Amino acid sequence: MREMSMYDHRKLGRELGLFDTDPLIGAGLPYWLPAGAIVRHTLEEYVRAIERRAGYQHVYSPVMGKRELYELSGHWAHYRDDMFPPMDLGGEQVVLRPSLCPHHAVIYRTHAHSYRELPLRIAELGGMHRAELSGVLGGLTRVRAIQLNDAHVFCTPEQVADEAAAALGLIRQAYAALGIRPVRYRLSLPGPGGKYVDEPEVWRQAPALLVDVLERSGVPYEAVDGEAAFYGPKIDVQIAGSAGREATLSTVQVDFYQPKQFDLHYIGPDGAKHRPVMVHRSIIGSVERAVAHLIELYGGAFPAWLAPTQLAVLPISDAELPHADALLKGTELRVEIIGPERGSLGARVRDTRLVPYVAVIGAREAADDHVALRLRDGRRLDPMPAAEALRRIGTFVDMHSLALWD
């Protein structure tokens, strides 16, 4: 793995054709180019898959809502400075959402729930907006339009600790596949001032639960005042970027406040109504910040499963082009053929230095239906049947492995 200090995602992301910005679109509103869109899509699908396996149900919800929704959730009173101004539409005030949790609370209450249905895990890769000041905007790390990997678990009080611990386990699973190493785990607690809800019981119960989760998970942590969400404490998983600046990527939060605000309930075994608890959790946080970190972590040499091009095929001459084309059939790998019109073999190998696998096809390989693989780490493998090479590469990709070969 390369040293993070060598890279700035803002510069490298543009050089590699991953994303860009334009003043006509606006500051803090990057757009994704084809190669970057592949990375983003692959990352999103990976997260959806591990969420499905963990029992989450995926939903879609609007990127805006009536002002009353955020008044009820507490965002309007405690988070208004980070929200865009309301828009007047047909006699109603509509606001671009700064968070997905109010929408998921409304989704929960669309019908009655029994304790037998809990925990109910609702997930979404959804858009939200933050009115960031121009001076703090930069690349993909501070943006105004965010695609958030978010989820909310509605559970009984007895299930909270297990659900929060399971969420922390999902974060660690994803980090292993992505090669991300946290610099620390932070228990974010309230500080002085009026930006937190005035609910003493919230601040008594929830921190104790998160301390239990952290200790049960066996991760060292630091308690920091003044970093809690306005509605409750949280576990923040901290990462460091290329300049050493620390940022929060993933979170786990316990929320007793919003279920009360939205009058959420479930029917318990006693036949009475009971209040659920919300566990907020984000495995990779915002897709933008996650990809920014991965660009700086790998310098564009992404793990094979995440790379925009997974296999580059280099026919030595035009005579091998039909054999190169044949490699594209019957494989789901992202393959690019880089023919002799793109320069000498040496020049083409240099151009593919970030691609995990390069298959060189000469006259002998074409005659035998073989390929000579070169790995990004400098290893050269003996010629092998093309089908075997594709199968073995596919295995590493499907495993979300950080390794390129045995």
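Whatever comes next refers back to the structure up there.
None of these values were measured; they are calculated from a predicted model. (Residues numbered from 1 in each chain as written. Predicted model: local features only at pLDDT ≥ 70, side-chain atom pairs only at ≥ 80, totals over all residues. Heavy atoms only, no water.)

Undergrad: Go over the layout of surface pockets with me, naming the residues and quoting the values.
TA: A volume near 360 Å³ is recorded for the second largest pocket. For the second largest pocket, the lining is made up of 17 residues, of which Leu16, Thr309, Asp351, Leu354 and Val355 are closest to its centre. (1 Å grid on protein atoms, 1.4 Å probe; cavity = no way out; pocket = protein on both sides within 12 Å on 5 of 7 lines; lining within 4 Å. Points joined across faces, edges and corners; volume = space filled by probe spheres on them.)

Undergrad: Tell me about empty space enclosed by the protein, and name the residues and values.
TA: Applying the stated criterion to the full structure yields one cavity of 30 Å³ or more. The space that makes up the largest cavity amounts to roughly 50 Å³. Together, His323, Leu327, Ile361, Glu365, Ala366, Asp369, His370, Val371 and Ala386 line the largest cavity. When residues of the lining of the largest cavity are traced back to their parent elements, those giving at least two are α10 (321–327), α12 (363–368) and β19 (370–375). Looking at side-chain class alone, the lining of the largest cavity contains five nonpolar, two polar and two charged residues. (Helix = DSSP H or I, 4+ residues; strand = E, 2+ residues; numbered from the N terminus. Nonpolar A, V, L, I, M, F, W, Y, C, P; charged D, E, K, R; others polar.)

Undergrad: Lay out the environment of Gly135 with the relevant residues and their values.
TA: Residue position: Gly135 is located in the loop between β7 (120–129) and β8 (145–155). Counting along the chain gives 108 residues from Gly135 to Ala27, while the straight-line C-alpha distance between them is 10.0 Å.

Undergrad: I'd like to hear about the pattern of salt bridges, residue by residue, with values.
TA: Charged atoms that come close allow side chains of opposite charge to pair. Counted according to the given criterion, the structure contains 24 salt bridges. Its salt-bridge partner being Arg379, residue Asp377 comes within 2.7 Å of it at the nearest N-O pair. A salt bridge links Arg392 to Asp406; the shortest N-O distance between them is 2.7 Å. With a gap of 14 residues between them, Arg392 in helix α13 (residues 386–398) and Asp406 in the segment after α13 connect regions that are remote in the sequence. Asp406 gets classed as exposed once you look at its relative accessible area, which sits at 69%. (Salt bridge = Lys/Arg side-chain N within 4 Å of Asp/Glu carboxyl O. Buried < 20%, exposed > 50% of the residue type's maximum accessible area, 1.4 Å probe, protein only.)

Undergrad: How would you summarise the sheet that holds strand β4 (residues 64–66) if you had to cite specific residues and measurements?
TA: Strand order in the open sheet formed by three strands is β4-β6-β5, and the pairing between neighbours is antiparallel. In the strand order of this sheet, the two ends are held by β4 and β5 (87–89), each with one partner. Neighbour to neighbour, the strand axes of the sheet diverge by 40 degrees on average, direction disregarded. Pairing of β5 with strand β6 (residues 92–96), which is carried by three bridges, proceeds in the antiparallel orientation. Its bridge partner being in β6, Leu89 is matched across the sheet by Glu92. (Pairing = 2+ DSSP bridges. Axes fitted to C-alpha atoms, helices over the stretch in contact; angles between N-to-C directions.)

These figures capture arrangement, not role.
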